[in-house]
Structures are given as structure tokens and as C-alpha cells.
Amino acid sequence: MSVVKLEECREQIRTELDNVVDFWLKYSHDTVHGGFFTCIGRDGKVYDELKYVWLQGRQVWMYCRLYRTMDRFRKPEILEAAKAGGAFLRKFARVSSGGSGPWKCAFCLTRDGKAVKIQRTIFSECFYIMAMDELSRVTGDKDILPIPTLSHIYSDCLASMMQQLIYWVREDSSDLGRPQLSGDVPTNSMAVPMMLLCLVQQLSEGRGQEVVQKYRELGSWCVQQTLQHIQRDGTAILENVSLEGAELPGCQGRLQNPGHALEAGWFLLQFSAERGDEELQRTAIEKFVELPYQYGWDKEHGGLFYFLDVDGHCPTQLEWSMKLWWPHCEALIAFLMAYSQTKRPELLERFSQVYEYIFSHFPDAKSGEWFGYLTQEGKVALDFKGGPFKGFFHVPRCLYMCERILDDLLTNKD
């Protein structure tokens, strides 16, 4: 791919990011109760008023990241939207677990903030922390905390929340409410160490050595837990393994999610760059970027399969053969980041292939934003722009990160 082509890619990505941001600014804000609508139809109409805490957190984080790091998004309406979303989260997201147990975030809220559902996972809490940390960076902490305790480098409140998450993951998960059943095998699901690694990078960014050192061991632990998912003598990335890093029996053990592996790949690339770890960089590219693409790309119709079975059985997930928006977003970031670190031309060719598939299938030229769910053949299966699992996150994060990487590549092209 030539420099001219990279410049064209950057301009298209830049334009698309502007359009996506405009869509969510126009249609997602609840000016009555606060927070954001995410169940948004193709034409921008809200079809369900339920509010999902993890998506609320993601939208606050994304607005703040754009506002803080890109001059053209340093607009009052973006900052005010982020602050309003943060206020809604602070007021309603955290719910009592009953008795003397720890705090827990709801998964789903009514429009006016009443808890509807709590999940037995950590992801609502993770995105609450990400949102509050990023919001604190653009407001100077003063509007963020439900308690007045602050240090000059870090919020005691968010730190205590993070410690609770670490305890649930590494020590005792019983407070999550998941019953300990005799036939249930404890599992290392790749999503958990990935999410914690993402939080480590978020909380450590620009915070000074005190915080970096505080989370240094946790970051290394997350990486090792993620690397356990390299299975079958390095020929497969499996979504679930045992706590000891062994393959699990049955469908759960054979499950592959190419997009998730690619996302893990660029998480690992970021970590390897921060630590100067060339061996981890090679492993990330070979096993978490190139390998998932090799087995996950649909050679007949193009695009990435959503789920696969490592032994070739038909996956039990009904949507396994569909082409979803977010795996392709993660692939685009992964290949461009891998190329930016190595300058290997084949990685740029893979980026180009994913890029061409994305921009010929997902963006909606008529109504804005992206379709999220395509058939295996690449036709639109579901035409809404947001739902319980698709919000203002994967698309803008992908476009934002790729624009910044391309800016750096083109600035330093000589």
C-alpha cells in the first residue's frame, strides 16, 4: 500500500469518525433523565429505553478520550455529554449487593435509573471504572467522586473499586453471586485478563511511577493469563481454558472467537511496546494477530467468522457464521498497529484487506453509523445502529486509533 493510499485511508477514516460521532450526539442523549439511549434504529429512533451500564461507561469513556486527545473534538457539547453520562452512572449504576457485601454495578437500568438486572460478571464494573478515570482526566477529578477523598495522582475511590475487581478475579468470586456447583470446572475465560489488562493500561497512563508500579505485577499476570490461551502447540487460540492453562473438554473448550483474539493481540502489542518486550511483540503478532486471521477469515465471502470450533464441528452459537462489526474493528487496529511496530509489508496488506471489507459492507451511507450484524454473505441481517451490545465504542475506538496510528506513520514516513 502506497503513501498516497495510506493518506486516502486516513481521510476516509477521519470523515467516518466525524460522522459516527455526529450520529450519537444527535440521537443517543437522554436530556430528561440523563445518560444515553443505545437501542437506536437505523433512522435514529429509540426503540427501547433500557440503559446498559457497560455501554453507558463506554460512551462516557469514548467522549472523554476524543475530547482529551483530538483537538477537533474539544467541543463543549462533547464534554457536557460526557459529564452528564458520568453523573447518571454515579447516581444509578452502583447498587447494593445486600448485607455487608461489596458494591456491584447493575447491568441494565430503566430510563430513569432503576436497576433491572445484575450480571454475575465484572464487565459493568470495569467500564464504570474506565469511564470515571477518563472523565477525571478532563474535569480534574472535582466532579467525579461520590466521596471527597483524593490523592494528587489518583482517585482513592476508583483505586478501591479496582482492588475489589482484582479480589473477585484472583482471590474469591463468590460475591459475584455465582453458585459454586460441583460439576462446574473453574475456567480462565480470555475476556477477564484482557479486560483487567485494559484497565491497567487505562489507570496507569500518565499517572507517574507510583501508579505504574502499583499495577505492574497485575499487568504481567494478565499477560500470562492471556498467553495461556495459545493451545495445541501454538496452532490455535482457544477462548476458554482451565485455570492451569489446559484445554477444556467439549464445545466450551473448542470455542474460538477470531475477533476476540485479534483484540487481545493489540492489547499485547501495546503492553510489549510499553515494556520493550520484543519476544512478547513477536508472540502477539504471530499467535494473536496473524493466526486468528488465518483460520477466521471467510475465504469464500470475505470477512471474519464470529465463532469457530477448533476441530471443525459446527459451533453451537447460532450466529457463528455471521459477520459482526466489532471483530473487524479489532482486526483493523491489530494489523495497523502490528505494521506500525514492525513495518512488515504483509501486515499492511492484511490491514488493506480488512479495510476494504469494512468500508464496502458496514457503513450506512444513507442514515449514518454502521450496521453491526451481517449474514455470512455480507448482507445486512439486523439494521439497527445500537442495541444491548452495540453502542458508541468499537466503531469510534477503531477509527480513532487507526487515525492516530496513520498520523504517526505518515508523519514519520521517511
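Parameters at a glance
Residues numbered from 1 in each chain as written. Predicted model: local features only at pLDDT ≥ 70, side-chain atom pairs only at ≥ 80, totals over all residues. Heavy atoms only, no water. Helix = DSSP H or I, 4+ residues; strand = E, 2+ residues; numbered from the N terminus. Buried < 20%, exposed > 50% of the residue type's maximum accessible area, 1.4 Å probe, protein only. Contact = heavy atoms within 4.5 Å. Areas by Shrake-Rupley, 256 points an atom, 1.4 Å probe, with all protein chains shown as cover. Salt bridge = Lys/Arg side-chain N within 4 Å of Asp/Glu carboxyl O. Polar contact = N/O pair within 3.5 Å; in protein donor to acceptor, adjacent residues only side chain to side chain. Expected span 1.5 Å × (residues − 1). 1 Å grid on protein atoms, 1.4 Å probe; cavity = no way out; pocket = protein on both sides within 12 Å on 5 of 7 lines; lining within 4 Å. Points joined across faces, edges and corners; volume = space filled by probe spheres on them. Nonpolar A, V, L, I, M, F, W, Y, C, P; charged D, E, K, R; others polar. Domains from an automatic or database assignment. Pairing = 2+ DSSP bridges. Buried area = accessible area lost by both parts, 1.4 Å probe. Core = buried A, V, L, I, M, F, W, Y, C linked by side-chain atoms within 4.5 Å.

### Re the overall build of the chain
- Broken down by element type, the chain carries 14 helices and 16 strands.
- With the C-alpha coordinates of the chain rotated into their principal frame, the extents come out at 55 × 50 × 45 Å.
- Taking all 414 residues of the chain together, 55% fall into the buried category.
- For the chain, long-range pairs separated by at least 24 residues make up 66% of all intrachain contacts whose partners lie at least 6 apart in sequence.
- When the accessible surface of the chain is summed, it comes to about 17,500 Å², and 49% of that surface belongs to carbon and sulfur atoms.

### Section: the pattern of salt bridges
- One pass over the structure, following the stated rule, counts 29 salt bridges.
- Two residues, Asp 311 and Arg 232, come together in a salt bridge whose shortest N-O distance is 2.5 Å. Of this pair, Asp 311 sits in the loop between strand S13 (308-309) and strand S14 (323-324) while Arg 232 sits in the loop between strand S9 (230-231) and strand S10 (236-237), and the two are 79 residues apart along the sequence.
- Here the salt bridges do not stand alone but share partners, grouping Arg 14, Asp 18, Arg 72 and Glu 403 into one network.

### A word on unusual backbone geometry
- The residue Asp 233 is not glycine, and still its phi comes out positive at about 55°.
- In this structure, Asp 233 sits in the loop between S9 and S10.
- Unusually for a residue other than glycine, Glu 369 sits at a positive phi of about 60°.
- As for its placement among the helices and strands, Glu 369 is situated in the loop between helix H13 (345-361) and strand S15 (373-374).

### Side note on the environment of Asp 112
- Turning to its location among the elements, Asp 112 is positioned in the loop between strand S6 (108-109) and strand S7 (115-117).
- Note on Asp 112: relative accessible area 31%, which makes it partly exposed.
- Taking the C-alpha atoms as reference points, Asp 112 and His 33, 79 residues apart in sequence, are found 5.5 Å from one another.
- When residues no more than four places from it in sequence are discounted, the contact partners of Asp 112 are His 33 and Phe 92.
- A polar contact of 2.5 Å, which involves the side chain of Asp 112, links it to the side chain of Thr 110.

### Focus on helix H6 (residues 191-204)
- Here H6 is 14 residues long and its end C-alpha atoms lie 20 Å apart, about the 20 Å a rise of 1.5 Å per residue gives.
- Along H6, 13 of the 14 residues are buried, which leaves the element largely enclosed by surrounding structure.
- Positive phi shows up at Gly 206, right after H6, with a value of about 65°.

### What to know about the layout of surface pockets
- Its volume calculated, the second largest pocket comes out at about 870 Å³.
- Lining the second largest pocket are 31 residues, and of these Arg 65, Gln 201, Glu 205, Gln 270 and Glu 274 sit closest to its centre.
- Mapped onto the lining of the second largest pocket, the elements with two or more residues apiece are helix H2 (53-69), H6, helix H8 (216-227), helix H10 (258-275), helix H12 (325-342) and helix H14 (394-411).
- Partitioned by chemical class, the residues of the lining of the second largest pocket number 14 nonpolar, eight polar and nine charged.
- If you count residues domain by domain, the lining of the second largest pocket takes at least three from each of domain 1 (29-177) and domain 2 (187-383).

### Some words on the sheet that holds strand S3 (residues 51-52)
- With antiparallel pairing, the three strands of this open sheet are ordered in space as S3-S6-S7. Of all the strands in the sheet, the pair left with one neighbour each is S3 and S7.
- For S3 and S6, the ladder comprises two bridges, and the chain directions are antiparallel. Looking at the pairing, Lys 51 lines up with Leu 109 of S6.

### Concerning the environment of Phe 362
- Locating Phe 362 in the fold gives a position in the loop between H13 and S15.
- Among residues more than four places away in sequence, those in contact with Phe 362 are Lys 323, Leu 324, Trp 325, His 328, Tyr 357, Glu 369, Trp 370, Phe 371, Gly 372 and Leu 374.

### Side note on the domain arrangement of the chain
- One can read the domain layout of the chain as domain 1 (29-177) and domain 2 (187-383).
- Taking only C-alpha atoms into account, the centre of domain 1 sits 24 Å from that of domain 2.
- At the junction of the two partners, domain 1 supplies 23 residues and domain 2 supplies 23 residues.
- Here domain 1 packs against domain 2, burying approximately 2,200 Å² in sum over the two surfaces, 61% of which is carbon and sulfur.
- Here domain 1 is connected to domain 2 by five salt bridges.

### Some points on the nonpolar core
- Leu 66, Met 162, Leu 199, Leu 218 and Trp 370 are the most contacted members of the largest nonpolar core, which totals 134 residues.
- No other element matches the twelve residues that H12 contributes to this core.
- For this core, the two domains that each supply at least three residues are domain 1 (29-177) and domain 2 (187-383).
- Every residue in contact with Leu 66, bar those within four places of it in the chain, is listed here: Leu 17, Val 21, Phe 73, Phe 392 and Tyr 400.

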